[in-house]
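Structure at a glance
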Protein chains: 2
Amino acid sequence: MADRGGAPAARTVLQQCIRARLQVKPAEGQSEAEYVQMDRGMVIYICFFKGATDDLLPKMVSTLLNLRLCESSSGKMVSVLELPGDLLIVPQATLGGKAKGRGMQYHNNIGKEDGLRLYASFVALCEKEVSAAGREVKHGTYGNRQVLMLDTNGPYTHLMEF
Amino acid sequence: MADRGGAPAARTVLQQCIRARLQVKPAEGQSEAEYVQMDRGMVIYICFFKGATDDLLPKMVSTLLNLRLCESSSGKMVSVLELPGDLLIVPQATLGGKAKGRGMQYHNNIGKEDGLRLYASFVALCEKEVSAAGREVKHGTYGNRQVLMLDTNGPYTHLMEF
């Protein structure tokens, strides 16, 4: 991983849900919009910064899937793998924003090509772990508008940087 | 404001929505759960850290309400005051969490009494600004479970620390 002087290489925001639906293809001409959806599980909003590389990913995935961020039906905090719950991964470049005056700048965000590659690898690694727990990974399409519907019993919003 | 050695005194996560509903009183005995709801606007998830004081709030409110974080119907980025949109403020102590092993710790979070006072002041300051723009502030009850339903046309999730 490139030395980023203590600045994070990736930022994630995590929310718990009891139902979520995400558009993966907008309506176009005669074709209707397409969605993925899940019931109980965790939403990961993710953004990579300049300098992020592949060797970051295994630790990120292991951390996010094993941290006790989810509430079980008995009220105990467990990981999404322990729940077990599904995973919805939402690419979210806005998470890399910094305020400048009244506007937001995204100069530290990774370039589109590298970001797409890291995002695809991140999704693939998550799929491997989550499917081993008998659950599924759903995810948004990189670089597109993330039309999201979320229903929670308490989002338990967390921030994790890597 | 107390010197916190560069660590933030408050953390906020911001999401845009076209509709949101938040429980403000759980069902109890024969009484049904109570909710607040809004249409187009911005959700502010907020957490205060130890050392946060009142003098932080005016700048926080001014920044959050005037930053161009919302998409207007013409696709231009504008502030929630310019939109104009409603505001939903959600207390979210989990945002102050730090991973330790597989668990989360919240040792840096402000104490409950101070947190409640700052939260109430933050809400009041937002109400003043937002009502001047002809819109409304809805907010969750501090220290309770935030049962949230969110419908977005793209959440445009941002992180802002103060």
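Residues numbered from 1 in each chain as written. Chains lettered and ligands numbered in written order. Predicted model: local features only at pLDDT ≥ 70, side-chain atom pairs only at ≥ 80, totals over all residues. Heavy atoms only, no water.

The name recorded for chain A in an unreviewed UniProt entry is D-aminoacyl-tRNA deacylase, from Parambassis ranga. Per UniProt, the comment on chain A under Subcellular location (unreviewed entry) is "Cytoplasm". Per UniProt, chain A has the following entry under Subunit (unreviewed entry): "Homodimer." (UniProt positions renumbered as here; feature names shortened; annotations may be inferred.)

Our next topic: the pattern of salt bridges. Summed over all chains, the structure comprises 16 salt bridges over all chains. Its salt-bridge partner being A:Arg11, residue A:Glu161 comes within 2.5 Å of it at the nearest N-O pair. With a gap of 150 residues between them, A:Glu161 in strand S12 (residues 158-161) and A:Arg11 in strand S1 (residues 10-17) connect regions that are remote in the sequence. Given the relative accessible area of 36%, A:Glu161 is considered partly exposed. The class of A:Arg11 is buried, set by a relative accessible area of 13%. One salt bridge connects B:Asp54 with B:Arg117, and the closest N-O pair in it is separated by 2.5 Å. (Salt bridge = Lys/Arg side-chain N within 4 Å of Asp/Glu carboxyl O. Helix = DSSP H or I, 4+ residues; strand = E, 2+ residues; numbered from the N terminus. Buried < 20%, exposed > 50% of the residue type's maximum accessible area, 1.4 Å probe, protein only.)

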